Amino acid sequence: MKTYPIHNQINVPEVGFGTYKITEQSDMNDAVKAAKEAGYTYYDTAAFYGNERQLSQALKEANIKREEILISTKLWNKDQDKESTKEAIEKTLERLDTDYIDLYLIHWPCPESNLFIESYKVLEEYYEKGILKSIGVCNFTQEQLKELMENTTITPAVNQVECHPYLNQHELQAYCEQHGIHIMAWSPINRLRDIDQEAIMIELSEKYNKSIAQIILKWHIERNRIVIPKSKTPSRIRENIELYDFELTEDELKKIDDLNSDKRYGVHPDEFTIEGSDDTPE
Ligand SMILES: NC(=O)c1ccc[n+]([C@@H]2O[C@H](COP(=O)([O-])OP(=O)(O)OC[C@H]3O[C@@H](n4cnc5c(N)ncnc54)[C@H](OP(=O)(O)O)[C@@H]3O)[C@@H](O)[C@H]2O)c1
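Residues numbered from 1 in each chain as written. Predicted model: local features only at pLDDT ≥ 70, side-chain atom pairs only at ≥ 80, totals over all residues. Heavy atoms only, no water.

Identification of the chain as Diketogulonate reductase-like aldo/keto reductase from Abyssicoccus albus is taken from an unreviewed UniProt entry. Recorded in UniProt under Sequence similarities (unreviewed entry), the annotation for the chain is "Belongs to the aldo/keto reductase family." (UniProt positions renumbered as here; feature names shortened; annotations may be inferred.)

What follows is the structure, given as structure tokens:
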């Protein structure tokens, strides 16, 4: 599996494991066990998901050593200011029962509050101390990235954004690539909404004898994006990383590119406000 070197400190595999909505300890235990057996070595969580403790516990249950895997987690919107960001990082370290985080991300820009630069500077401090091995953002537009980079020192390693065939983020990706920022796709299979009805997806799925989820994930990695599909179903967890025994042609990749309509299923980054965000889970 291809890996991307990030901030000269970690190598992020192109397929990681998303954990949003896995909150029950027994579900997390089963998911992590299946993920380990399938070969995942990178787990994505967030303070907002309320499952950092469960992830940490599940990793222990599965006898996975901290240094064998990478973890990304995120600063929740309500923790965006200097002091709150420090506290949030400390609490996350405690919940994950670790003394470092491989990749730490600002969850949403919340531009109306104008606090993301202040928060990111705290991430830079923790990066310099070696507690955050790499740092980055989620859901940043090109304009927000530009503003961030003009006012801070360390280029974000990653921009984790909604990205799937209906929202392929080609312009944002081109901009990020110019600056050495990796695109990481959230909702990479769009939770299979609508996409499983597309003729091209059905055709490719039949041609390669692969699921539609596998066709989409293969398309992402061929387009140099990191993916973090989520599933709590062991067979799907395996399926989502079994992407290496078939190849899509350039023409087929292009046909999937052409499904783009810039349609979002999630919130637009300009519209998410701190006031509109839920409380940080304890
Ligand atoms: N930074 C952000 O703002 C942000 C926002 C959203 C998500 N994320 C991250 O990105 C991860 C992935 O995004 P997501 O969870 O929104 O969506 P996703 O990975 O595109 O889809 C997950 C959904 O699809 C189902 N599924 C997974 N694999 C499948 C397969 N092979 N066949 C059929 N169905 C399948 C899962 O069901 P089952 O679980 O029931 O199997 C689940 O309902 C999250 O878990 C989270 O870590 C980040």
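## Quick notes on helix α10 (residues 250-257)
Along α10, the residues that are buried comprise Glu252, Leu253, Ile256 and Asp257. Axial view of α10: buried residues confined to an arc of 150°, hence all on one face. Residues of α10 that are buried make contact with α7 (199-208) and α8 (212-222). (Buried < 20%, exposed > 50% of the residue type's maximum accessible area, 1.4 Å probe, protein only. Helix = DSSP H or I, 4+ residues; strand = E, 2+ residues; numbered from the N terminus. Arc of directions from axis to C-beta. Contact = heavy atoms within 4.5 Å.)

## Focus on the site of the ligand
In the vicinity of the ligand there are 28 residues, among which Asp44, Ser187, Lys230, Ser231 and Thr233 approach most closely. With respect to the ligand, the backbone of Pro188 contributes an N or O atom lying 3.4 Å from an oxygen atom. In the model, an oxygen atom of the ligand is placed 2.7 Å from a nitrogen or oxygen of the Lys230 side chain. Protein contacts shield 88% of the accessible area of the ligand, which totals 900 Å² for the unbound molecule. (Near = heavy atom within 4 Å. Polar contact = N/O pair within 3.5 Å; in protein donor to acceptor, adjacent residues only side chain to side chain. Areas by Shrake-Rupley, 256 points an atom, 1.4 Å probe, with all protein chains shown as cover.)

## Structural notes on the sheet that holds strand β5 (residues 70-75)
Across the sheet, eight strands lie side by side as β3-β4-β5-β6-β7-β8-β9-β10; this open sheet has parallel pairing. Each edge of the open sheet carries a strand with a single partner, namely β3 (17-18) and β10 (226-227). Relative to strand β4 (residues 42-44), β3 runs parallel, the two being bridged by two bridges. Bridge pairing in β4 places Phe17 opposite Tyr43. Against the sheet, helix α4 (residues 116-128) touches β5, β6 (103-106) and β7 (135-138), its axis set at about 150° to β7. (Pairing = 2+ DSSP bridges. Axes fitted to C-alpha atoms, helices over the stretch in contact; angles between N-to-C directions.)

## Looking at the layout of surface pockets
Put simply, the largest pocket is a space of about 840 Å³. Lining the largest pocket are 37 residues; nearest its centre among them are Tyr20, Trp186, Ser187, Arg191 and Lys230. Secondary-structure elements contributing two or more residues to the lining of the largest pocket are β8 (158-162) and α9 (234-239). Grouping the amino acids of the lining of the largest pocket by side-chain chemistry returns 15 nonpolar, 11 polar and 11 charged. By volume, the second largest pocket is sized at about 320 Å³. If you go around the second largest pocket, you meet 19 residues; those closest to its centre are Leu167, Gln169, Glu171, Leu172 and Arg264. When contributions to the lining of the second largest pocket are tallied by element, the ones reaching two or more residues are α5 (142-151), β8 and α6 (170-178). Ranked by residues supplied to the lining of the second largest pocket, first place goes to α6 with three residues. Broken down by class, the residue content of the lining of the second largest pocket amounts to eight nonpolar, six polar and five charged. (1 Å grid on protein atoms, 1.4 Å probe; cavity = no way out; pocket = protein on both sides within 12 Å on 5 of 7 lines; lining within 4 Å. Points joined across faces, edges and corners; volume = space filled by probe spheres on them. Nonpolar A, V, L, I, M, F, W, Y, C, P; charged D, E, K, R; others polar.)

## What about the packing of α7 against α10?
For the pair α7 and α10, interaxial distance at closest approach is 10 Å and the crossing angle is 150°. Considering the angle they form, α7 stands roughly antiparallel to α10. The way α7 lies across α10 gives a crossing that is left-handed. Residue-level contacts link Ile200, Met201, Leu204, Lys207 and Tyr208 of α7 to Glu252, Lys255 and Ile256 of α10. Looking at the contact of α7 with α10 residue by residue, the class counts come to five nonpolar, no polar and three charged. (Parallel < 35°, antiparallel > 145°, perpendicular 65-115°, else oblique. Left-handed = near helix turned anticlockwise from the far one by under 90°.)

## Describing the side chain of Asp44
Take Asp44: it is sitting in strand β4. Not counting the four nearest positions on each side in its chain, Asp44 is found in contact with Phe17, Gly18, Thr19, Tyr49, Ser72, Lys74, Gln160 and Ile228.

## Points about α6
Residues of α6 that are buried: Leu172, Gln173, Tyr175 and Cys176. Each buried residue of α6 sits inside an arc of 165° when the element is viewed along its axis, so together they form one side. α6 presents Glu171 and Gln178 as exposed residues on the side facing more than 90 degrees away from its buried surface. Among the structural elements, α5, β8 and β9 (182-186) are those in contact with the buried residues of α6. Positioned one or two residues after α6, Gly180 has a phi angle of 75°, which is positive.

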